[in-house]
Every structure is written in structure tokens, then in C-alpha cells.
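# Observations on the model geometry
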Amino acid sequence: GNSVTQMEGPVTLSEEAFLTINCTYTATGYPSLFWYVQYPGEGLQLLLKATKADDKGSNKGFEATYRKETTSFHLEKGSVQVSDSAVYFCALSDNPPHTFGTGTRLQVTL
Amino acid sequence: DTEVTQTPKHLVMGMTNKKSLKCEQHMGHRAMYWYKQKAKKPPELMFVYSYEKLSINESVPSRFSPECPNSSLLNLHLHALQPEDSALYLCASSQETVMNTEAFFGQGTRLTVV
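Residues numbered from 1 in each chain as written. Chains lettered and ligands numbered in written order. Predicted model: local features only at pLDDT ≥ 70, side-chain atom pairs only at ≥ 80, totals over all residues. Heavy atoms only, no water.

### What about the side chain of A:T99?
The test is simple: Only DSSP runs of H or I reaching four residues or more are called helices, and only runs of E reaching two or more are called strands; each is numbered from the N terminus. Note on definitions: a residue-residue contact is assigned when non-hydrogen atoms from the two residues lie within 4.5 Å.
Within the secondary structure layout, A:T99 lies in strand β11 (residues 99-100). Not counting residues within four places of it along the chain, the set of residues in contact with A:T99 comprises A:N2, A:S3, A:V4, A:C90, A:A91 and A:L92.

Spelled out as C-alpha cells, the structure:
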């Protein structure tokens, strides 16, 4: 079946540091890949997506590239802010829809 | 309008109570979902409705009963729940279930069963 593996958290960074959150997947088909963000007490919001190999999704300074050869979709941001503190979920969408990774908590400090 | 609205935001219910969670979207999406999320865990899919018909039931206990009265509304009826059912219940919608499109999530209903 489909699965998504994310790096264990929490990840604690100082403001303006570089962020990488690793995500790898296993899928039988050709899924779309997503990163969602969840702020405390809220639902999930789509951060970015990629629908085919070599696509790069980007939003709000975050980027991730769909790498079919390494089955990866790592999330990166060049300079994090305190407001980026949240839980980040990697997900794939094939059948059934939206298999989520376990989530990675990011804490950014001043 | 790109929102999925869930009510209530918080619910406390006894194990003998009957209650309902409600979800509404006006984006014209034809797929709607219920997820359950425990603390520090990812959302777990419970039910999928496609064109107002139940298409996926992830072996959810019968004390959870979904209903899709029309294309904009999704309900989750709760009866005889257990304390371990306490969780954040998330509703989501998407254009289709053929999924190259993202899901839009509501803010969730935080349910406590006492």
C-alpha cells in the first residue's frame, strides 16, 4: 500500500535559519504530492503541491521538488520565521486519497 | 469562498448521548471527507463521499454514522461513543476523488467524550 515517511521532530531552529524537512514515499501508482501545514488549534492548510516527477511546488518561501528516482519530496525554506512554527505534514494522493506522514513539528525561536 | 466550515468547534458529550458534527462547503466540490486526528498524530481517513454517495468507509465503528444530505453538506452522527473517540474531527473537500487536486480542510471539531 501507499505510505509516507517523514523525519522525526521536533525541529528547533533559530529565526533566519535554513529549513529542511525530509519526506519519502512509497506508492504503486503516480501520486500527487503535497505539503500541508497545521497551526495550533486549526485544521490543515495546503502549503504546496506537485503533480508529476520533477515538478517543483512553492509557496510563501517554501519549496519542494517531486523526485521520482529517490521517491522524495523534501520541504525547504531558506530563512524561517517565528510565524512558521507549526506542524508540517507530507502527503500523497493516489487511492485512497491523502495518505499522510506522521507530521514534523517545527519550532522557530528568536 | 474557499472555506470549509465545521460546527461546533468544541463538543463535550457523554457516552450515552447522541450528537452530530456538521460540515459545509460552497466551492462546488464533489468529494467530501471525514478525518479523525488524535494528538500529535496525522489525520486518519474515516469516510469519503463522492457525488453525495459514500465511496469509502475505512472500517469505522458503527457508532459513527456519516450523512451527505446534499453536495454542500456533510454530517457525522455520533452515538454511544467511547472516551477513546475523543479527538479532533476534520472535514475536508476536494473537486474530485481522482486526486491531483488538494483537499481543503475545516478547522475541525474538538470532541471530548466523558
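### Side note on the sheet that holds strand β7 (residues 64-70) of chain B
Residues and elements named next belong to chain B. Which entries qualify depends on this criterion: Each pair of strands is called paired provided DSSP finds at least two bridges between the two strands. A fitted line through C-alpha atoms represents every axis, and for helices the fit uses only the stretch in contact; the resulting angles, taken between N-to-C directions, go from 0 to 180 degrees.
If you walk across this open sheet you meet the 4 strands as β1-β3-β8-β7, and the pairing is antiparallel. Since the sheet does not close on itself, it has two edges, and those belong to β1 (4-7) and β7, each with one partner. Across the sheet, the mean angle from the axis of one strand to that of its neighbour is 20 degrees, orientation sign disregarded. The pairing of β1 with strand β3 (residues 18-25) spans 4 bridges and is antiparallel. If you follow T5 over to β3, its bridge partner there is E24.

### Some points on unusual backbone geometry
Test applied: Under the scheme applied here, a residue whose accessible area is under 20% of the maximum for its type counts as buried, over 50% as exposed, and between as partly exposed, the area being computed with a 1.4 Å probe on protein chains only.
Residue A:P10 follows A:G9 across a cis peptide bond; omega there is -5 degrees. In this fold, A:P10 is placed in the loop between β1 (3-6) and β2 (11-14). Residue B:T7 is joined to B:P8 through a cis peptide bond whose omega torsion reads -10 degrees. Mapped onto the elements of the fold, B:P8 is located in the loop between β1 and β2 (10-13). Located in the positive-phi region is A:E16, a residue other than glycine, with phi close to 80 degrees. Assignment of secondary structure puts A:E16 in the loop between β2 and β3 (19-21). Even without glycine at this site, B:A80 takes up a positive phi of about 55 degrees. Tracing the sequence through the fold places B:A80 in the loop between β8 (73-79) and β9 (87-94). You can call B:A80 partly exposed: its relative accessible area is 31%.

### Observations concerning the environment of A:T102
Structurally, A:T102 is set in the loop between β11 and β12 (104-109). Between the C-alpha atom of A:T102 and that of A:C90, which follows or precedes it by 12 residues, the distance is 8.0 Å.

### What to know about the sheet that holds β3(A)
All names here are of chain A. The strand order across the open sheet formed by 4 strands is β3-β9-β8-β7, and the pairing between neighbours is antiparallel. If you trace the sheet from one side to the other, it starts and ends with β3 and β7 (56-59), each paired once. Pairwise comparison of adjacent strand axes, ignoring direction, gives a mean angle of 15 degrees for this sheet. Taken together, the 2 bridges between strand β8 (residues 62-65) and strand β9 (residues 75-77) define a ladder with antiparallel strand orientation. Of the residues in β9, the one forming a bridge with F62 is K77.

### A closer look at the pattern of salt bridges
Put simply, the rule is: Note on definitions: salt bridges are taken to be side-chain nitrogens of Lys or Arg within 4 Å of carboxyl oxygens of Asp or Glu.
All told, the structure shown has 7 salt bridges over all chains when counted by the stated rule. Residue A:D84 is joined to A:K77 by a salt bridge in which the shortest nitrogen-to-oxygen separation is 2.7 Å. Like A:K77, A:D84 is buried. The partner of B:D85 in a salt bridge is B:R63, with the nearest N and O atoms 2.7 Å apart. You can see B:D85 sitting in the loop between β8 and β9 and its partner B:R63 sitting in the loop between β6 (53-57) and β7, a full 22 residues away along the chain. For B:D85, a relative accessible area of 2% corresponds to the buried category. A network of salt bridges, in which partner residues are shared, links B:K36, B:R63 and B:D85.

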